[in-house]
Each structure stands twice: as structure tokens, then as C-alpha cells.
Amino acid sequence: MKYVNAAEILPEKLLKEIQTYVDGVVLYIPKTSAKKKWGSVSGSRRFYQKRNKEIQFLFEHGYSVEALSKRYGLAHSTLKKIIYG
């Protein structure tokens, strides 16, 4: 994050208005673009949602946690969170 002197970029009227609220402090102004959710760009979110639904389906149709653990390479505790969560 780069520090920029507000007096160099803001109109004087706007600067005076801001100074009525915060005078002589460092002020962070966030970007206007909305932050994207995890995995929405790379497709990871869809991949894991599909995998988890598949795990739930297989469990409901008789697969044991042990068998799912071997098939997906996941710990029993992780599988239980997926199945019961």
C-alpha cells in the first residue's frame, strides 16, 4: 500500500471537509471493487462442492468412512465434517 498526500490529489474543498472529521491522521480508503469469494476465480469452490456432494452421496449409499478415506485420501475427521456438516 502506497502512502499519498491527500493535498496532492484531492480538491481543496473535499480536503477541508475530510479534515473536519480526521485532521492529521493516516486514513485508509478501501478499493471500490468488491472482493471475490475464495475459489470463485480458479474454480476450486465448484470442484470441492462437487466432490463433497459425491462423498455425501456415496456415504448415503453404503460406503464406509474408511472406504471414502482411502478413495479420496482424506482424514476420517475431514470426511465426518463433510458428511455430517
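This text gives an overview of the structure that appears in the document.

The rules behind the values
Residues numbered from 1 in each chain as written. Predicted model: local features only at pLDDT ≥ 70, side-chain atom pairs only at ≥ 80, totals over all residues. Heavy atoms only, no water. Buried < 20%, exposed > 50% of the residue type's maximum accessible area, 1.4 Å probe, protein only. Helix = DSSP H or I, 4+ residues; strand = E, 2+ residues; numbered from the N terminus. Arc of directions from axis to C-beta. Contact = heavy atoms within 4.5 Å. Phe/Tyr/Trp six-rings, centres within 6.5 Å; stacked < 30°, edge-to-face > 60°. Patch = residues over 30% accessible without salt bridge, like charges linked within 9 Å, V, L, I, M, F, W, Y side chains within 5 Å. Areas by Shrake-Rupley, 256 points an atom, 1.4 Å probe, with all protein chains shown as cover. Salt bridge = Lys/Arg side-chain N within 4 Å of Asp/Glu carboxyl O. Axes fitted to C-alpha atoms, helices over the stretch in contact; angles between N-to-C directions. Parallel < 35°, antiparallel > 145°, perpendicular 65-115°, else oblique. Nonpolar A, V, L, I, M, F, W, Y, C, P; charged D, E, K, R; others polar. Core = buried A, V, L, I, M, F, W, Y, C linked by side-chain atoms within 4.5 Å.

1. Some thoughts on helix H5 (residues 76-84)
Phase 1: Within the span of H5, buried status applies to Leu79, Ile82 and Ile83. Relative to the axis of H5, the buried residues are bounded by an arc of 95° and lie together on one face. Looking at H5, the residues exposed on the side facing more than 90 degrees away from the buried face are Lys81 and Tyr84.
Phase 2: In this fold, the buried residues of H5 make contact with helix H3 (44-60) and helix H4 (65-72).

2. Thoughts on the packing of aromatic side chains
Phase 1: This model, assessed by the stated rule, comprises three aromatic pairs.
Phase 2: Relative to Tyr84, the ring of Phe59 has its centre 5.9 Å away and its plane inclined at 80°; by these criteria the two rings are edge-to-face. One end of the pair, Phe59, is in helix H3; the other, Tyr84, is in helix H5, and 25 residues separate them in sequence.
Phase 3: By relative accessible area, which is 24% here, Phe59 ends up partly exposed.
Phase 4: The exposure class of Tyr84 is exposed, given its relative accessible area of 59%.
Phase 5: An aromatic cluster is built from Trp38, Phe47 and Tyr48, whose rings are joined through pairwise contacts.

3. Quick word on a nonpolar patch on the surface
Phase 1: A cluster of nonpolar side chains, contributed by Trp38, Phe47 and Tyr48, occupies part of the molecular surface with about 380 Å² of accessible area.
Phase 2: The residue Tyr48 is located in helix H3 in this model.

4. Some thoughts on the packing of H3 against H5
Phase 1: Across the interface, H3 lies against H5 with an axial gap of 9 Å and an inter-helix angle of 85°. One finds that H3 runs roughly perpendicular with respect to H5. Contacts from Arg51, Asn52, Ile55, Gln56 and Phe59 in H3 reach Leu79, Ile82, Ile83 and Tyr84 in H5.
Phase 2: Split into classes, the residues belonging to the contact of H3 with H5 amount to six nonpolar, two polar and one charged.

5. Some points on the nonpolar core
Phase 1: Counting eight residues, the largest nonpolar core is built from Ile55, Leu58, Val65, Leu68, Leu74, Leu79, Ile82 and Ile83.
Phase 2: Contributions of two or more residues to this core are made by H3, H4 and H5.
Phase 3: Counting residues per element, this core draws most heavily on H5, at three residues.

6. Examining the side chain of Arg51
Phase 1: Structurally, the position occupied by Arg51 is in helix H3.
Phase 2: Those residues in contact with Arg51 that lie beyond four places of it in its chain are Tyr72, Leu74 and Ile82.

7. A closer look at the side chain of Ser69
Phase 1: Its place among the elements puts Ser69 in helix H4.
Phase 2: Here Ser69 falls in the buried class, since its relative accessible area comes to 15%.
Phase 3: Other than its neighbours up to four places away in sequence, Ser69 contacts Leu74, His76 and Leu79.

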